[in-house]
Amino acid sequence: MVDKVKKIWIEGEFIDWDEAQLPVLTHSFHYGLGVFEGIRAYKRANGRTAIFRLDAHLERLYDGCRLCMLEPRVTPAQLSEAHLELLRQNQMDEGYMRPMIYIGDGAMGVFPGNNPIKSLIVAWKWGAYLGADALKSGIRTKISSWQRHHINVSIAKGKIMGQYTNSVIAKREAKLGGYDEAILLDTQGYVSEGSGENIFMVKKGVLITPPLSSSILAGITRDTVLTLAREEGIPVSEERITRDQLYLADETFFTGTAAEITPIREVDDRKIGDGKPGPITLRIQKRFFDVVKGSDESHPEWFSYV
Ligand code: PMP
């Protein structure tokens, strides 16, 4: 259960959580075309709260709108300030933030006509997405019987509401099967991503992840990890991965705003490496948390202070 906070931002106004309502004919609710983001704010070692990579998240949000031909009436600068003000109004020193750009009510049917393009931001407290133990000990995953969207079936580079039915059915299948998370292959059979995470593997000291020119979301945590790994002198490669390469990996992990850096200890009941988070995974995970939580002061450009 999500604990309510005080205010939700809708269409430029801060509304009490219980008062915030959407019309039942909201077009995006029926047909799923709308774009959203997942963003985290951290309380940093200097005692101040900052949103991590807000600009990158807003860039992806507006790119998603372009891909869907939605024109938000709010500017990135207004939305950026609204995120910071929402944290202030809710007196949150850390948490998860979910901006959404969606098609409002008016016409029905799949052609939305001139329905207004609306926006909201909701924030809530969210701890470790896959559980605190997941970050420490790693998780058990299963290759899904569902595939990731083909690149000509939906808009893989947009974080688009309706596309998440694919994630929900894959995640549900994995959980019902007793696993923590699903790994989806693409329609050509290559490893794509988790239901809400990008995937990495380590083989003989090289960090490998599927390329952006595939069906994956361009994860901001993925980009952060590639940047930090290069700084750490870890060789990186963006290339296609097969299922059997994953089975033979020395290490694997997921990245995501919600999942942060979650080690994977099993794929399809096969232990990865010795079944514990490996040294490169732990090194990247430590550097990531040091950076976001501020004991490592590198990359000040990644933080927007409240
Ligand atoms: N893939 C999918 C399908 C996702 O939903 C997410 C979460 N936004 C990611 C990857 C990871 O992206 P990010 O690191 O930007 O949160």
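Residues numbered from 1 in each chain as written. Predicted model: local features only at pLDDT ≥ 70, side-chain atom pairs only at ≥ 80, totals over all residues. Heavy atoms only, no water.

**Q** What am I meant to see in the environment of G278 here?
**A** You can see G278 is positioned in the loop between β16 (270-271) and α8 (279-293). Taking C-alpha positions, G278 is 9.4 Å from F253, a pair spaced 25 residues apart along the chain. (Helix = DSSP H or I, 4+ residues; strand = E, 2+ residues; numbered from the N terminus.)

**Q** What am I meant to see in helix α5 (residues 164-176) here?
**A** For the α-helix, the turn length of 3.6 residues means that residues three or four positions removed from each other point alike. With 13 residues, α5 should reach 18 Å at 1.5 Å per residue; the first-to-last C-alpha distance of 18 Å fits that figure. Among all positions in α5, only Y164, N166, S167, A170, K171 and A174 are buried. Viewed along the axis of α5, the buried residues span an arc of 140°, placing them on a single side of the element. Opposite the packed face of α5, turned more than 90 degrees from it, sit the exposed residues T165, R172 and L176. (Expected span 1.5 Å × (residues − 1). Buried < 20%, exposed > 50% of the residue type's maximum accessible area, 1.4 Å probe, protein only. Arc of directions from axis to C-beta.)

**Q** Looking at this structure, how should I read the site of the ligand?
**A** In the neighbourhood of the ligand, 16 residues make up the surrounding shell, with Y164, E193, I220, T221 and T257 lying closest. At 2.9 Å from a nitrogen atom of the ligand is found a side-chain nitrogen or oxygen belonging to K159. In this structure, an oxygen atom belonging to the ligand sits 2.5 Å away from a side-chain N or O atom of T221. A total of 390 Å² of accessible area belongs to the ligand in isolation, and the protein chains cover 96% of it. Secondary structure elements with two or more residues in the shell around the ligand: α6 (220-231) and β14 (251-256). In terms of residue class, the shell around the ligand is built from three nonpolar, eight polar and five charged. (Near = heavy atom within 4 Å. Polar contact = N/O pair within 3.5 Å; in protein donor to acceptor, adjacent residues only side chain to side chain. Areas by Shrake-Rupley, 256 points an atom, 1.4 Å probe, with all protein chains shown as cover. Nonpolar A, V, L, I, M, F, W, Y, C, P; charged D, E, K, R; others polar.)

**Q** What's the story with the pattern of salt bridges in this structure? I'm lost.
**A** If charged atoms from side chains of opposite charge come close, those side chains can pair. Overall, the coordinates contain 22 salt bridges when judged by the stated rule. Of the charged contacts in the structure, one is a salt bridge between R73 and E11, with a shortest N-O distance of 2.7 Å. One end of the pair, R73, is in the loop between α2 (54-68) and α3 (76-89); the other, E11, is in the loop between β1 (7-10) and β2 (13-16), and 62 residues separate them in sequence. Judged by its relative accessible area of 55%, R73 falls in the exposed class. On the accessibility criterion, E11 (33% relative accessible area) is partly exposed. Residue E81 pairs with R88 through a salt bridge whose shortest N-O separation is 3.1 Å. (Salt bridge = Lys/Arg side-chain N within 4 Å of Asp/Glu carboxyl O.)

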